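Examining the three-dimensional arrangement
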Amino acid sequence: MTAADGAAPPREIRLSADKTTLQITFASGQTAHLTAEVLRVESPSAEVQGHGEGQKTTPAGKRSITITGIAPIGNYAVKITFDDGHDTGIYSWSLLQDYAARQDRLMADYLERLDSLGLSRDA
């Protein structure tokens, strides 16, 4: 069975013991380790992404963020809750695959945005 966006559900999603990393084994067998920090600062929520072009925000102080909950959304996504209370992002299977493929670039872009805004990864 595939999700509405065409991506098959992952075989497994496992939260690390320290709650800072999601290990996802995709239907293809590929395994990825997505950090809570990347997932939080790239949340697909309107709070982070905005409602249109140029509205993306850059959450600071998220280096030590942890995941406190993961809930399935139908057969197409998960909702992730973070220890700062953020819980409005819906992470589809295809979005998680995209983040897995681009995690290094996403992190580098985030660090550049923080630097340009004079913000820090630390609280």
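Presented here is an overview of the structure given in this document. By convention here, each chain's residues receive numbers from 1 onward along its written sequence. Owing to the predicted nature of the model, reporting of local features is limited to residues with pLDDT of at least 70; listing and counting of side-chain atom pairs is limited to 80 or more, with chain, interface and lining totals taken over all residues. Note that water and hydrogens are dropped before the side-chain values are worked out from all heavy atoms of the structure.

Points about the overall build of the chain
Under the convention used in this document: Each helix corresponds to a stretch of at least 4 residues labelled H or I by DSSP, and each strand to a stretch of at least 2 residues labelled E; elements are numbered beginning at the N terminus. It is over C-alpha atoms that the radius of gyration is taken, and the globule rule equals 2.2 Å times the number of residues to the power 0.38. Think of it in three bands: with a 1.4 Å probe and only protein chains considered, a residue is buried below 20% of the maximum accessible area for its type, exposed above 50%, and partly exposed in between. Here a residue-residue contact requires only that any non-hydrogen atoms of the pair lie within 4.5 Å. Accessible surface area values rest on a Shrake-Rupley calculation with a 1.4 Å probe, where residue burial reflects the displayed protein chains alone.
A tally of helices and strands in the chain yields 3 helices and 6 strands. Counting from the amino terminus, the chain carries its helices and strands in the arrangement β-β-β-α-α-β-β-β-α. For the chain, whose C-alpha radius of gyration is 14 Å, the value lies close to the compact-globule estimate of 14 Å for 123 residues. Along the three orthogonal principal directions, the C-alpha set of the chain runs to about 45 × 35 × 25 Å. The buried share of the chain, taken over its 123 residues, is 37%. For the chain, contacts bridging at least 24 residues in sequence account for 47% of all contacts bridging at least 6. For the chain, the exposed surface amounts to about 6,500 Å²; the carbon and sulfur share of it is 50%.

Some details on the pairing of strand S4 (residues 67-73)
Here is the rule: The rule for pairing is simple: two strands pair if DSSP sees at least two bridges between them.
Note: S4 against strand S5 (residues 77-82), 6 bridges, orientation antiparallel. If you follow Ile73 over to S5, its bridge partner there is Ala77. Counted between consecutive antiparallel strands, the loop separating S4 from S5 contains 3 residues, among which Gly74 sits at a positive phi close to 55°.

Focus on the sheet that holds strand S3 (residues 31-35)
Definition in use: Every axis in this analysis is a line fitted to C-alpha atoms, fitted for helices over the stretch in contact. Angles between the N-to-C directions lie between 0 and 180 degrees.
Pairing within the open sheet is antiparallel, and its 3 strands lie in the order S1-S2-S3. With partners counted over all chains shown, the strands left at the sheet margins are strand S1 (12-15) and S3, one partner each. The mean angle between the axes of side-by-side strands here comes to 20°, regardless of whether they run parallel or antiparallel. Taken together, the 5 bridges between strand S2 (residues 21-25) and S3 define a ladder with antiparallel strand orientation.

Description of helix H3 (residues 93-117)
We count it as follows: The span you would expect from a helix comes to 1.5 Å times its residue count less one. Bend angle per residue: angle between axes fitted to the 7 residues ending at that residue and the 7 residues starting there.
Taking 1.5 Å as the rise per residue, H3 with 25 residues should run 36 Å; its terminal C-alpha atoms sit only 31 Å apart, a clear shortfall. Residue Arg102 marks the point of greatest curvature in H3, where the axis turns by about 75°. Following H3 by one or two positions, Gly118 adopts a phi angle in the positive range, close to 70°.

Section: the sheet that holds strand S6 (residues 90-92)
Here we have 3 strands laid out as an open sheet, ordered S4-S5-S6, and antiparallel in their pairing. A strand with exactly one partner marks an edge of an open sheet, and here the two such strands are S4 and S6. Here the strands of the sheet are splayed against their neighbours by 30° on average, with no regard to which way each runs. Of the strand pairs in this sheet, S5 and S6 are connected by 3 bridges, and their pairing is antiparallel. Each bridged residue has a counterpart across the sheet, and for Lys79 the counterpart in S6 is Ile90. Across the sheet, H3 lies against S5 and S6, angled at about 80° from S6, the strand it touches most.

Everything listed here is a matter of coordinates, which is why it stays silent on function.
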